[in-house]
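An overview of the molecular structure
Given next are the chains, with one letter for each unit.
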Amino acid sequence: KDEFLEAPRPLEGVTVAVKDNFCVTGTRTSCGSRMLDNFTAPYTATVVERSQKAGGIVIGKTNLDEFAMGSGTVDSYCGPTKNIWRSGIKYKLKTKHGTDVNDGSLTTEKLADSWPVAGGSSGGTAVAVAAGAATVGLGSDTGGSVRIPAAWCGIPSLKPSYGALSRHGLIPLVNSLDVPGLMARNVQDLQIYFDVLRGRDQFDSTSVDLKDCDNEEVELENIKLGVPQEYFCEGMSDEVIKSVSDMCNLFSNNGVNIDSVSLPHTDMAVPCYSVLNPCEVASNMARYDGVEFGLAGSDTSYNEAMAASSRSQGFNDVVRGRILAGNYFLLRRHYDEYYLQALKVRRLIQNDFLEAFKSVDYLLTPVTLTDAPSFADFTAQDNRTQTAKQDHCTQPVNLAGLPAVTVPICLSGYNRTTAGSEEGAKRRSLPLSVQLIGPYGSDKKLLRIARWIEERVDFPTLVLCD
Amino acid sequence: MVCIKCMRLLHRLPDSGGIFGPALQRYTWRQLSSTVAVKNQTAVADHLSSTVAVNNKTADEGQPNLSKDLVGRTIWDPKNGIIRISKSGQRWESVIGVEVHAQIKSNSKLFSTAPNEFNQPVNSKVAFFDAAIPGTLPVLNSRCVLAGVRTSLALNANVNLVSFFDRKHYFYADLPSGYQITQQRKPISQNGSFTFDVMKSDIKKEYVKTSHLVQIQIEQDSGKSLHDDIDGQCLVDLNRCGIGLLELVFAPDLRYGPEAAALAKELALVLHTLQACGGRMDRGELRVDANISVRQPGQEFGTRTEVKNLNSLRSVTDAIEFEVWRQIAALEDGQIIENETRSYNVETGETVSMRDKERKQDYRFMPEPNLPPLVLDPALINTEKENLPKLPAEKRSELHQKYGINKDICRTIVDNPHYFTLFMECVEYKPLDFKSVANIMVLIIQEYLLEYEKIFVSEHDIKSSDHSVDEIVTISAKDLVEASNLRMERLINHTALRILIRSKLDGDTRTIIELVDEKDLRLIVDRKYIQEFVDDILKSQSSQVDKYLTAKPKRKARQLVPIRLAANEDPRAENVDMVIFNDILMQKLDSISKKD
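Residues numbered from 1 in each chain as written. Chains lettered and ligands numbered in written order. Predicted model: local features only at pLDDT ≥ 70, side-chain atom pairs only at ≥ 80, totals over all residues. Heavy atoms only, no water.

A short note on the overall build of chain B
Within chain B, the regular secondary structure consists of 18 helices and 20 strands. Going through the 596 residues of chain B one by one, you find that 52% of them count as buried. For chain B, the share of sequence-separated contacts (at least 6 apart) that also reach a separation of at least 24 residues comes to 67%. Accessible area for chain B stands at about 28,100 Å²; split by element, carbon and sulfur atoms hold 50% of it. (Helix = DSSP H or I, 4+ residues; strand = E, 2+ residues; numbered from the N terminus. Buried < 20%, exposed > 50% of the residue type's maximum accessible area, 1.4 Å probe, protein only. Contact = heavy atoms within 4.5 Å. Areas by Shrake-Rupley, 256 points an atom, 1.4 Å probe, with all protein chains shown as cover.)

This is the structure in C-alpha cells:
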C-alpha cells in the first residue's frame, strides 16, 4: 500500500519464519505432531500479529521437535531438520565486507556419511533464518530451544525475560518457563524485532511492560562480566571453552572487568527441569482427547477409550513418556517429594543468579557443549539424554526467568577423532556461539553488548549458491 | 376467612415463587391444593412430639421403649437435637455437610470473553479458551472476583489478600482442557458462617440454624454432556463451560434434609441480593452437593457418601433423607457404607452409586502457571464492605420492627425481591396502614400469580427482567397504596379491594378512583338502605332470630352465625359496609330482646 511506502513500518516487507507451535489464523499449526496434523488455528498469536502489524510477512511455519520437546529438531512428525551448514547444500562464506572468506582450512562440504543437526527445538526457524529464507524468525525457548539451534546454525538469538513477550497463541510446553524467542541474521535486526514485539498483552496475564527496558545504554568500561565456573561441565569441547576465553580476552583488552563467579546449584537445573517439565506437559497435554480438535482416535466406543486411542496414536514416545512421568510426579503421594521439591530447587537456582548479580553485571557463558553434532551421533542417544546434556548452559536461565542473548563468534576447528582422515584434513567449520545472561529486564542491554561483540569478531556470513 | 387459611399455607411452602421462576411456582401451587395432606402431617407431628416427651423419660432410664408410631421417624430430642429412629428402634444421628456451587452472575465467563447467557443455541457462547484451543490463556474476570469478595463478606468469612489458582485434572468430554481451574491451595476466603431459619416440618419446630463456612473458592463450570443411549453418542455443549462458579464449602454441621434445603434457599436469596448469582436452581445457577453420614449419638463420624448435583430444594431434602435412611438400613443390616459419589434420581426418589471412577480419583493438583497470584487491595475490600446491600435477614427484621408486619409475611415479602422493592416504594407513599399493604401483596397478588402462573416484577425492573412480557405482571406502588387507603378509610370493602388490585395486575390503565367509580365499588354507607337490608334478613331468618333470643348468653354468638351467613349470601352484601350492617343488626336484636 502507498501509505506504507511513504511511512514504512519497522518490519515493512520483512520476511518472518514462524515456529509451528505459534497459532496463525487459517494455517495448520501442527507442533510437529500427528496429534495436530489436522489442526488449523482459528486465531493468531500475539507475537505473530504484532509482526504482521509492523509490516512483517509470515513466509512459513517451521519444523520443531514434537511439541518442542527436544534439542535437535530430530523428533518431529514431519521428519528431522538438517542444519544448513555442511549438510550438502552449496553455500559460500563471506566476510562482513562482502568479500569471500579466504581460509583454506575451512570447508563447506557435507559431513562424511551424515549431516549436522540443526539443534532444537526451534531448528526449523534457525535454518530458515541462517539460510536467508527469512530475515527474522520466531521460536520458543523453554530450556534452550532458541539459543541452541541459533548457536548451531550460526545466527544470533534472544531469549527474552519471562513475560516480556506475550505467550498468547504459543502452544505451551512448560508455561512457567516458555518464552517466545527471536532469531535474526544480525543483532541489530534482533533489537528492532524485539521492540516490535515486546509489551504487555491483555490476553496473557503473565506478560509485562519491562520498566528498565527502554534504557539500553551500556557503558562497557564500567561493566563487570562474570564467568560462572559451573558452566564448564564434563563433555564440553576444548574449543567451546577456548571460544569463551577468547571472548574474555577481547573484553578485558577493551577495559571490561572480568571475574569468575559461582552459581553453585547449576548442576541441579536439569534434574529440576526433568520434574517441572513433565508435570506441566502432563497437564497441558490433557486437552488432546480428540473431542474438540486434533486427532480423534479410532476407538470411539466410550469417552475414555477415545481419549486413550487419540493420545496413543497422536503422540510420539517422547511426549507420551513425559506425560506418564508428569502424572506420576503429580500424584498426591508424590507431589511433595518431586514437584514441590523441584520448585524449591528452582528458587535456589534463581537465588544463585541474584547472588551473582550482586558482584557482576552480566554473565558470559558457553551455549552448547560442542558444535552441531552429526545426525548419527546425536540420535545415538535418546531424546531425554540429549536434552539433559545439551541444555546444561541454557536451562538455568529459563528456571530463573532471565534474559539471554547468543552471538556466533567463530567456526569450529580440527576434530581430534577424525585427525589424519580425509575428513580431518579440514576444520569442522561449524558455528560456535557464546551466551550473555543478564538480570531480569536487561534484554536490550544484552543486545547492545552482543552487538559490540558482533562488530569485533570475524564471523562469516553464509550465502547460498544458486 | 379464605385469606387467613392461605396465609398459613403460604408461609409453610418451601418455595414461595418469586425469583425461583415458573417451574417452582407450579410446584408451590400443587402444594397449595393439597391442603389436607399438610394438615394431616401436622397432626402426625403433634402426636409424635407428645410421645417423644414420654419416651425421653424412659430413654434416660436406659430402657428405650418406643411407640410403634415413631419407627422410621425423625424426631426432635431436647437433649440430642434431631434424632432418627430406625425400624429396629435404634437411635441414629445423621451428619450432613453441603457444598454449594453458585454460578457467578457476570456478563462474560470467568477466564474468557464469551458471554455468560442461559438458554442459548448449543455451542454458540464458546470462546477459543473455553474449547481449550491450544495456546489460549486464561484472563481473570474481575467481576467474578468482586462477586466472590462480596459473598465472602456477607458470610463473615476472612478474605485472603493473596489467593492462588490451581488445576484439578480429570478426563471428561465436557471438560475440554482436561483440568478445571479452581482454588485448592488457598481460596479467596475462609472461615465464615451462615445463619438461616428452618421452617416447621415433620419435626414441628421452627428454629434458627448456623452452619460454619469452611471456604469459598472461585472455579470454572464445566460444559454439559448429553448421552444418547440409542446411538451410543455423547454430545457436548460448551456454552456453560468456563462460567465462573463460587464453591461454598460448609462444615458437616447439619443434621436433617430440610435444614440443607433451608440453607440453600436462604443462600440463593443472599447471593441474589448481592448480585453475585441469579440463584435460580431450576436453571442450574445454584447446585448443591451433600456429604452424608450417619452415626449413633455420641459416636465418631461414620463413612460419608456424597450426593452430587441436587438442583431443586425438593431434591435436596428428599435426596438427603433417602440417603440417611438408606445408610441406617444398610448399617443395621451389617453392611459397610462406602466412601463414594452418588447421584439422585428425581423420578424414583433414590440415590444411586455413580461409576467407581470417581471414588479414588487423584486429581493431580498443580498450580495454574498462567495466572499470577490473585492479590486483593484491602481498600477494595473495605469499599465492598461499606457498599454491601441489605441482606434478607436484616430486611425481614426491618419490616417486622419498623412496620409491624407479621414475621411470616415478612418472609414472603423478602423472599421475593420484587415484593420487597414494591413494599419499600409503597412506604414512600405513606400508606395509612403498612400491614394492609403487606397483606395485599401476600394475599391478593400472590393468589393472582398462582392462579395465572405469572411472575411479579416491580414496576421499575420490568425492562431489566429476563422473563418474557407474557410471563410478568406488575402494579405501581402509588395504585397499591391508593387502593389500600380506600380500604382503610372503609370506602370500599375487601372484595372491592381485590377487584381493584386484580384489575391493575391485568394491566387496566384506568386510575384507582376511575375504577372505583366505573365498577361501582364504593361501599354503601346509607344507614336507611342498610336498615332495610337488616330488616329483610331478620324477616327471612325469623326462626333463627328466635333461637338467638332464647339462647343462653354464652351460646348467643353461635346462634348469630347462620344469620350473618345469610346476610353474606345476599347480593346486597357485596356493596354494603358490613361494619354498619353489624352495628344495626346488633342494635335491632338488642331492641327486640328488650321488647321481649
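Some words on empty space enclosed by the protein
Residue and element names in this part refer to chain B. Considering all chains together, one arrives at six cavities of 30 Å³ or more under this definition. Size it by volume and the largest cavity reaches roughly 170 Å³. For the largest cavity, the lining is made up of 21 residues, of which Phe-129, Ala-132, Ser-177, Tyr-179 and Gln-220 are closest to its centre. Along the lines of polarity and charge, the residues of the lining of the largest cavity split into ten nonpolar, seven polar and four charged. (1 Å grid on protein atoms, 1.4 Å probe; cavity = no way out; pocket = protein on both sides within 12 Å on 5 of 7 lines; lining within 4 Å. Points joined across faces, edges and corners; volume = space filled by probe spheres on them. Nonpolar A, V, L, I, M, F, W, Y, C, P; charged D, E, K, R; others polar.)

Here's the deal with the pairing of strand S7 (residues 224-228) of chain A
Residues and elements named next belong to chain A. Counting buried residues in S7 gives four out of five residues, a clear majority hidden from the surface. With five bridges connecting them, S7 and strand S8 (residues 257-261) associate as parallel partners. Counterpart to Gly-226 in the pairing with S8 is Asp-259. Taking the sense of rotation as the criterion, the β-α-β connection linking S7, helix H6 (residues 238-253) and S8 turns out right-handed. Across two bridges, the pairing between S7 and strand S9 (residues 362-366) is parallel. Bridge pairing in S9 places Leu-225 opposite Tyr-362. (Pairing = 2+ DSSP bridges. Right-handed = clockwise from strand over helix to strand, strands pointing away.)

Overview of the nonpolar core
Trp-85, Leu-138, Leu-182, Phe-251, Leu-364 and Ile-453 of chain A are the most contacted members of the largest nonpolar core, which has 77 residues in total. Discounting residues that sit within four places of it in the chain, Ile-453 of chain A has contacts with Met-247, Phe-251, Val-407, Ile-409 and Leu-436 of chain A. Ranked by size, the runner-up nonpolar core spans 68 residues in total, among them Ala-102, Tyr-179, Phe-250 and Ala-264 of chain B. (Core = buried A, V, L, I, M, F, W, Y, C linked by side-chain atoms within 4.5 Å.)

Some thoughts on the pattern of salt bridges
In the structure shown here, the tally under the stated rule is 54 salt bridges over all chains. Ionic pairing is found between Asp-100 of chain A and Lys-94 of chain A, a salt bridge with its closest N-O pair at 3.2 Å. The exposure class assigned to Lys-94 of chain A is partly exposed, which follows from its relative accessible area of 22%. Among the charged side chains, a salt-bridge network with shared partners connects Lys-265, Glu-266, Arg-396 and Asp-415 of chain B. (Salt bridge = Lys/Arg side-chain N within 4 Å of Asp/Glu carboxyl O.)

Details of the sheet that holds strand S7 (residues 179-182) of chain B
Note on sheets: strands pair through backbone hydrogen bonds, and any given pair is parallel or antiparallel. Residues and elements named next belong to chain B. Taken in spatial order, the three strands line up as S7-S6-S17 in an open sheet, and their pairing is antiparallel. Across the chains shown, the open sheet's two edge strands, defined by having one partner strand only, are S7 and strand S17 (366-367). With two bridges joining them, strand S6 (residues 166-169) and S17 adopt antiparallel strand pairing. Within S17, the residue paired with Asp-166 across the bridge is Pro-367.

Structural notes on the environment of Gly-349 of chain B
All names here are of chain B. With respect to the helices and strands, the residue Gly-349 is situated in the loop between strand S15 (341-345) and strand S16 (350-353). Linking Gly-349 and Ala-114, residues 235 residues apart in sequence, is a C-alpha distance of 37 Å. Leave out the neighbours within four places in its chain, and Gly-349 touches Phe-322 and Tyr-344.

Remarks on the packing of aromatic side chains
Within a pair of aromatic rings, the relevant descriptors are the distance that separates the centres and the angle that separates the planes. Here the structure, examined in full by the defined rule, presents 28 aromatic pairs over all chains. Summarising the aromatic geometry, the rings of Trp-115 of chain A and Phe-375 of chain A are spaced 4.6 Å apart at their centres and angled 25° between planes, so their arrangement reads as stacked. With Trp-115 of chain A in the loop between strand S3 (91-94) and helix H3 (123-130) and Phe-375 of chain A in helix H11 (residues 375-378), this residue pair connects regions lying 260 residues apart in the sequence. For Phe-375 of chain A, a relative accessible area of 26% puts it in the partly exposed group. Their ring planes at 65° and their centres at 6.1 Å tell us that Tyr-363 of chain B and Phe-365 of chain B sit as a pair that is edge-to-face. Grouped by ring-pair contacts, the aromatic residues Phe-39, Phe-67, Tyr-288, Phe-293 and Phe-315 of chain A constitute a single cluster. Across the ring face of Tyr-363 of chain B, the terminal group of Lys-168 of chain B is positioned such that the distance to the ring centre comes to 4.3 Å. (Phe/Tyr/Trp six-rings, centres within 6.5 Å; stacked < 30°, edge-to-face > 60°. Lys NZ or Arg CZ within 6 Å of the ring centre and 35° of its normal.)

Re the side chain of Thr-351 of chain B
Residue and element names in this part refer to chain B. Relative to the helices and strands, Thr-351 is located in strand S16. Among the polar contacts listed, one links the side chain of Thr-351 to the side chain of Glu-323, at a separation of 2.6 Å. Sequence-distant contacts of Thr-351, defined by excluding residues within four places in its chain, comprise Val-307, Ala-319, Phe-322, Glu-323, Arg-326, Arg-342, Ser-343 and Tyr-344. (Polar contact = N/O pair within 3.5 Å; in protein donor to acceptor, adjacent residues only side chain to side chain.)

A word on helix H12 (residues 383-390) of chain A
All names here are of chain A. Within the sequence span of H12, burial applies to Asn-383, Gln-386, Thr-387 and Gln-390. Projected onto a plane normal to the axis of H12, the buried residues spread over an arc of 100° and lie on a single side. For H12, the secondary structure elements touched by its buried residues are helix H4 (147-153), helix H9 (317-330) and H11. (Arc of directions from axis to C-beta.)

Describing the interface of chain A and chain B
Contacts between the two partners involve 39 residues from chain A, matched on the other side by 32 residues from chain B. Our enumeration of links across chain A and chain B arrives at zero salt bridges. Counting every contact that joins chain A to chain B gives 15 residue pairs in polar contact (both at pLDDT 80 or more). When residues of the side of chain A that touches chain B are traced back to their parent elements, those giving at least two are helix H7 (269-284), helix H8 (303-314), H9 and helix H10 (332-359) of chain A.

Here's the deal with the packing of helix H5 (residues 257-273) of chain B against helix H8 (residues 392-403) of chain B
All names here are of chain B. It is the contact of H5 with H8, at a shortest axis distance of 9 Å, that shows an interaxial angle of 95°. Put simply, H5 runs roughly perpendicular to H8. Along its contact with H5, which presents Glu-266, Leu-269, Val-270 and Thr-273, the element H8 presents Pro-392, Ala-393, Lys-395 and Arg-396. The residue makeup of the contact of H5 with H8, split by class, is four nonpolar, one polar and three charged. (Axes fitted to C-alpha atoms, helices over the stretch in contact; angles between N-to-C directions. Parallel < 35°, antiparallel > 145°, perpendicular 65-115°, else oblique.)

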